[in-house]
Amino acid sequence: CCAMWCFPCLQCQTVSQFGWCFCMPLLDCCMIVSCCFRSKMRERYRIQGSCCEDCCTLCFCFMCAWCQMSREIKMRNHTPVSTVVTQQIRA
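What you are looking at is a predicted structure, and each value in this text was computed from that prediction instead of being measured. (Residues numbered from 1 in each chain as written. Predicted model: local features only at pLDDT ≥ 70, side-chain atom pairs only at ≥ 80, totals over all residues. Heavy atoms only, no water.)

1. Topic: the nonpolar core
Spelled out, the test is: Each nonpolar core is a collection of buried residues, namely Ala, Val, Leu, Ile, Met, Phe, Trp, Tyr and Cys, held together in the definition by side-chain atoms within 4.5 Å. Three exposure classes are used, based on accessible area relative to the maximum for each residue type with a 1.4 Å probe and protein chains only: buried under 20%, partly exposed in between, and exposed over 50%. Only DSSP runs of H or I reaching four residues or more are called helices, and only runs of E reaching two or more are called strands; each is numbered from the N terminus. It only takes one pair of heavy atoms within 4.5 Å for two residues to be counted as in contact.
Counting residues in hydrophobic clusters, the biggest one holds 13 residues, and the most contacted among them are Phe18, Phe37, Met41, Leu58, Trp66, Met69 and Ile73. Of all the elements in the fold, those that place two or more residues in this core are α2 (7-18), α3 (32-45) and α5 (62-77). With sequence-adjacent residues up to four places away left out, phenylalanine 37 is seen in contact with Thr14, Val15, Phe18, Trp20, Trp66, Met69 and Ile73.

2. A short note on the packing of aromatic side chains
Just so we agree on the cut-off: Only rings of Phe, Tyr and Trp enter the pairing, Trp through its six-membered ring, and a pair is recorded when the two centres are within 6.5 Å. The plane angle decides the type: under 30 degrees is stacked, over 60 is edge-to-face, the rest tilted.
Tallying each qualifying case throughout the model produces 6 aromatic pairs. A ring pair is formed by phenylalanine 18 and tryptophan 20, whose centres lie 6.1 Å apart and whose planes are at 70 degrees; its orientation type is edge-to-face. Using a relative accessible area of 3% as the deciding quantity, one classes phenylalanine 18 as buried. Taken together through their ring pairs, the aromatic side chains of Phe18, Trp20, Phe37, Tyr45 and Trp66 make up a single cluster.

3. A look at the pattern of salt bridges
How we decide: Salt bridge, as used here, is a side-chain nitrogen of Lys or Arg placed within 4 Å of a carboxyl oxygen of Asp or Glu.
In the structure shown here, the tally under the stated rule is 4 salt bridges. The closest approach of N and O atoms between arginine 42 and aspartate 54, which form a salt bridge, is 2.9 Å. Here the residue arginine 42 occupies a position in helix α3, and aspartate 54 occupies one in helix α4 (residues 51-60), the gap between them amounting to 12 residues. For the salt bridge of glutamate 72 with arginine 76, the shortest nitrogen-to-oxygen distance reads 2.6 Å. Residue glutamate 72 and its partner arginine 76 are located together in helix α5, separated by 4 residues, close to a single helical turn. Here glutamate 72 falls in the buried class, since its relative accessible area comes to 19%. Residues joined by salt bridges that share partners form a network here, namely Arg38, Arg42 and Asp54.

4. Quick look at the side chain of arginine 42
For the record, the criterion: Identification of polar contacts relies on pairs of N or O atoms within 3.5 Å, with a donor-acceptor requirement for protein atoms, meaning one able to donate a hydrogen and the other able to accept it, and with residues adjacent in sequence counted only if both atoms are side-chain atoms.
Accessibility expressed as a relative area gives 14% for arginine 42, which makes it buried. Polar side-chain contacts of arginine 42 include one of 3.1 Å to the backbone oxygen of glycine 49. Leaving out residues up to four positions away in the same chain, arginine 42 has contacts with Ile47, Gln48, Gly49, Ser50, Cys51 and Asp54.

None of this, on its own, says anything about what the molecule does.
Written as structure tokens, this is what we have:
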């Protein structure tokens, strides 16, 4: 949703959730930061791929690649809430 209205906001939010400085995407000249970020994500989460694939993905579909990275981080950072039942209900 954020990407549709303000793409730089999505980028800054995504790198911030990953643990990087939120202003790194604003310094992204020639997709160097984007390629490094995607590579570090693959490394941290053990996702198969290569630097060449990262560069091609970013070159041909920059916004889609960032949306994909954002979803991946949200999915990996999401901790499921569990409920512990401590009392049985008698009918």
